[in-house]
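# Survey of secondary and tertiary structure
Chain by chain, the residues:
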Amino acid sequence: MKKQIFRSYGTITLGSVIFALAFDWFFATNQVAMGGVTGLAQILNLLVPQMSVGLLAFLLNVPLFLAGWKFIGFHLLASSLFAMAVSSFAIDTIAALHTFAPMDPMLASLCGGALMGFGLGLVFSQGATTGGTDIVARLLKLKFPWLPMGKLVLVPDGVVLTLAALAFGGVETALYGAVAIFVSGRVMDTVLYGLDTSKVAYIVSDSWRQIADALLRDQERGVTILRGQGAWTGTDKQVLMVAFKQKEIVQIKRVVHDTDPKAFMIVCDAHDVLGEGFGDYQKEDI
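Residues numbered from 1 in each chain as written. Predicted model: local features only at pLDDT ≥ 70, side-chain atom pairs only at ≥ 80, totals over all residues. Heavy atoms only, no water.

## Observations concerning the packing of aromatic side chains
In total, this model carries three aromatic pairs according to the counting rule given. With a centroid separation of 5.0 Å and 70° between ring planes, the pair formed by Tyr9 and Phe82 is classed as edge-to-face. With Tyr9 in helix H1 (residues 2-28) and Phe82 in helix H4 (residues 74-97), the pair connects residues that are 73 residues apart, well separated along the chain. By relative accessible area, which is 30% here, Phe82 ends up partly exposed. (Phe/Tyr/Trp six-rings, centres within 6.5 Å; stacked < 30°, edge-to-face > 60°. Helix = DSSP H or I, 4+ residues; strand = E, 2+ residues; numbered from the N terminus. Buried < 20%, exposed > 50% of the residue type's maximum accessible area, 1.4 Å probe, protein only.)

## Examining the sheet that holds strand S2 (residues 224-229)
If you walk across this open sheet you meet the four strands as S2-S3-S1-S4, and the pairing is antiparallel. Taken across any chain shown, the strands that pair with only one partner, and hence form the sheet edges, are S2 and strand S4 (264-270). In this sheet, adjacent strand axes meet at a mean angle of 25° when their direction is disregarded. In the sheet, strand S1 (residues 198-204) pairs with S4 via seven bridges, with the strands oriented antiparallel. In the sheet register, Tyr202 faces S4, and the bridge partner there is Ile266. Sitting on the sheet, helix H9 (residues 208-219) is in contact with S1, S2 and strand S3 (236-245), with an inclination near 20° to S3. Taken strand by strand, helix H10 (residues 249-259) contacts S1, S3 and S4, and its axis lies near 165° from that of S4. (Pairing = 2+ DSSP bridges. Axes fitted to C-alpha atoms, helices over the stretch in contact; angles between N-to-C directions. Contact = heavy atoms within 4.5 Å.)

## Notes on the environment of Asp260
Residue placement: Asp260 occurs in the loop between H10 and S4. In this structure Asp260 comes out as buried when scored by relative accessible area, which is 13%. Distance in space between the C-alpha atoms of Asp260 and Gln210 is 8.9 Å, their sequence separation being 50 residues. Leave out the neighbours within four places in its chain, and Asp260 touches Ser205, Asp206, Ser207 and Ile211. Only 3.0 Å separates the side chain of Asp260 from the backbone nitrogen of Lys262, close enough to count as a polar contact. (Polar contact = N/O pair within 3.5 Å; in protein donor to acceptor, adjacent residues only side chain to side chain.)

Right, here's the structure in full:
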């Protein structure tokens, strides 16, 4: 149990530091607007330069954490407070230790968004957030559980980008920020959901029994038999449904083709596959 907690907080620490590095390296240096509370802190820092971005982000997060505690629970609060503290401290520490050279804003947006999304994905994977609009996205997730976190984060971030356009006095900064947030959302969803590279295949064949037996015997994959009917011929058909890992797709196709070269097969992406041989349901899954 202790080892699991240590590993979880180690992952949160790594993700928080990566998040801070992305901000200092790509966003702050190149004046690319950032979403979330860190983006608000970036705006306020223009008005009150005596206060660092990390400190402002910490102060702005306090009321959001108090609001989120009631709806999300203590575990998320504790781990998120830790993530927020580490990311806020890392932002100021990295900025104090090293000044990054400016680069092309579009390159900064793409690379910064990817790095930030990777860091946030690591933090979110452990049931925590870095605070700010991440908590807002978590609360929205309770209301809209079918939407991925990367898309939910875009909602509050869009508001912050609008304020950034006004504060920086130009829409370019906000547009670069929008590109970064889009890339961040895609990378975040890849870290959270894309690692579950499962597939589901639907197979229609007159040799359905032989194919099913081969899949059960050779691939050790469960097969579900669905009843179907050809719309043109009206003939009853048996449709095989089988879920499998991405790495097994070549063997699955080979089994089907070797058994019946004329078999009709559809392979689809499948996420959050639960059950024997795959994942287990977790209450805190996002």
